[in-house]
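Structural features, examined
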Amino acid sequence: MGATIFYHTGTGNSLWVARRVADELGGAELVSIAECKDEKTAVSSEIVGLVFPVHIWGVPAPVIRFVNTLKGIQPGYVFAIAVHAGQVSNTLVQLKTLMAENGLNLSSGFEIAMPSNYIPWGGPGPQEKQRKCFELAQEKVSRIAVSIKGKEDMPVEKGPLWQRILFTAIYNMSFSHVPKMDKKFWVDDKCNACEICCKVCPSGNITMREGKPVWNHRCEVCFACLQWCPQEAIQHGKKTPGYERYHHPEVLLKDMLKER
Ligand SMILES: Cc1cc2nc3c(=O)[nH]c(=O)nc-3n(C[C@H](O)[C@H](O)[C@H](O)COP(=O)(O)O)c2cc1C
């Protein structure tokens, strides 16, 4: 019985949302998807939730792999929250279809906007805008919790049709290229070989060679390595040296390391 919330996160936004939903439900077990690798996941909770970031207008690969391990579970109620930076697009429709293929009914799917961690397009934006975003997110979490408690069955939330057509095509085209998108990572002179990038990577994609991190092309581009680097030594492409780093202010590095 009770509730289990599975979460995937690069910079803590989804973990923060998962925590807040758990609080509003009066408690729930929080499980990192990164800890559920390749096993058939046994779930006995009455309520099962999935909280994860939108990546390239769709469901990130680790979440797809995780859902495929859920075949055969029979929870009373399944919900999902797609955490994004303004464009949820078709993500929750994609997830609902994927769940149906695994014999699961996604009863409700919600979107929540948070600051962007996609640093190639710039930093997270001004502090004041971030603060407003957290406030709105908290309000939405409270509304979502009411729906979950009432076990409401409703259509999943989605972006406008033009987004779903155009961006789903981009998602489909880029999906197989994601693992190699780590080719653009590099380290500058500030790297002190602390190895936090290796520890924080949910895909175990980073190893050390001659005192410097090496990315091994199993990347999920969550940007945890770059965003959590205490020296801000990890870069991606040419522009990131000038961009502000981001992680959710209430999620600490130790929270990320504990879960991995
Ligand atoms: C590779 C990548 C792709 C992203 N794609 C989208 C997207 O398609 N739409 C969107 O609104 N936000 C997108 N984002 C932003 C994240 O979804 C957003 O910042 C989210 O809150 C991050 O959650 P996390 O801290 O739990 O990882 C993307 C971020 C990354 C790293």
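Remember, it's a predicted structure, so these values are computed and weren't measured experimentally.

**Some thoughts on the site of the ligand**
Among the 23 residues in the neighbourhood of the ligand, the closest are listed as T9, T11, S14, V54 and W57. A distance of 2.6 Å is found between an oxygen atom of the ligand and a side-chain nitrogen or oxygen belonging to T9. When the ligand sits alone it has 650 Å² of accessible area, and the protein chains cover 95% of it. Put simply, the parts of the chain that give the shell around the ligand at least two residues each are α1 (13-24) and β4 (77-84). Grouping the amino acids of the shell around the ligand by side-chain chemistry returns 11 nonpolar, 12 polar and no charged.

**Things to note about the domain arrangement of the protein**
With domains assigned, the protein is organised as domain 1 (3-167) and domain 2 (177-258). On a C-alpha basis, the centroid separation for the pair domain 1 and domain 2 is 23 Å. In this assembly, 32 residues from domain 1 lie in contact with 25 residues from domain 2. For the pair domain 1 and domain 2, the summed buried area comes to about 2,100 Å², and 63% of that belongs to carbon and sulfur atoms. It is G10, T11 and I119 in domain 1 that bury the most area against domain 2; as a group they hold 25% of the surface buried on that side. At the boundary of domain 1 with domain 2, the tally comes to two salt bridges. Taking the shortest distance from any N to any O, the salt bridge between R19 and D255 comes out at 3.1 Å. Where domain 1 meets domain 2, there are eight residue pairs in polar contact (both at pLDDT 80 or more). Mapped by element, the contributors of at least two residues to the side of domain 1 that touches domain 2 are α1, α2 (61-67) and α4 (127-149).

**A short note on the nonpolar core**
V17, V21, F79 and I81 are the most contacted members of the largest nonpolar core, which totals 32 residues. Secondary-structure elements contributing two or more residues to this core are β1 (3-7), α1, β3 (47-53), β4, β5 (108-113), α4 and α7 (224-228). Two domains share this core, each providing at least three of its residues, namely domain 1 (3-167) and domain 2 (177-258). In this structure, A82, V88, L98 and L106 belong to the second largest nonpolar core, which totals 28 residues.

Reading the values: rules and limits
- Once a new chain begins, its residue numbering starts again from 1 and follows that chain's sequence as written.
- For a predicted model such as this one, the threshold for reporting local features is a pLDDT of at least 70, and the threshold for listing and counting side-chain atom pairs is 80 or more; totals across whole chains, interfaces and linings nevertheless cover every residue.
- Hydrogen atoms and water are omitted, and side-chain values are computed over all heavy atoms in the structure.
- Residue proximity to a molecule or strand is established when one non-hydrogen atom of the residue lies within 4 Å of it.
- Polar contacts, as used here, are pairs of N or O atoms within 3.5 Å; protein pairs need one atom able to donate a hydrogen and one able to accept it. Residues neighboring in sequence count only if both atoms are side-chain atoms.
- Values of accessible area rely on a 1.4 Å probe in the Shrake-Rupley scheme; residue burial ignores everything except the protein chains shown.
- Segments assigned H or I by DSSP are reported as helices when at least four residues long, segments assigned E as strands when at least two residues long, and all are numbered from the N terminus.
- Three residue categories are used. Nonpolar comprises Ala, Val, Leu, Ile, Met, Phe, Trp, Tyr, Cys and Pro, charged comprises Asp, Glu, Lys and Arg, and polar comprises the others, including Gly.
- Bear in mind that the domain bounds are from an automatic or database domain assignment.
- Residue contacts are counted whenever heavy atoms from the two residues lie within 4.5 Å of one another.
- What counts as buried area is the accessible surface, traced by a 1.4 Å probe, that two parts surrender upon association, with contributions from both included.
- Salt bridge, as used here: a side-chain nitrogen of Lys or Arg that lies within 4 Å of a carboxyl oxygen of Asp or Glu.
- Buried residues of nine kinds, namely Ala, Val, Leu, Ile, Met, Phe, Trp, Tyr and Cys, make up a nonpolar core once their side-chain atoms join them within 4.5 Å.
- A simple rule labels every residue: compare its accessible area, found with a 1.4 Å probe on the protein chains alone, to the largest value its type can have, and call it buried under 20%, exposed over 50%, or partly exposed in between.

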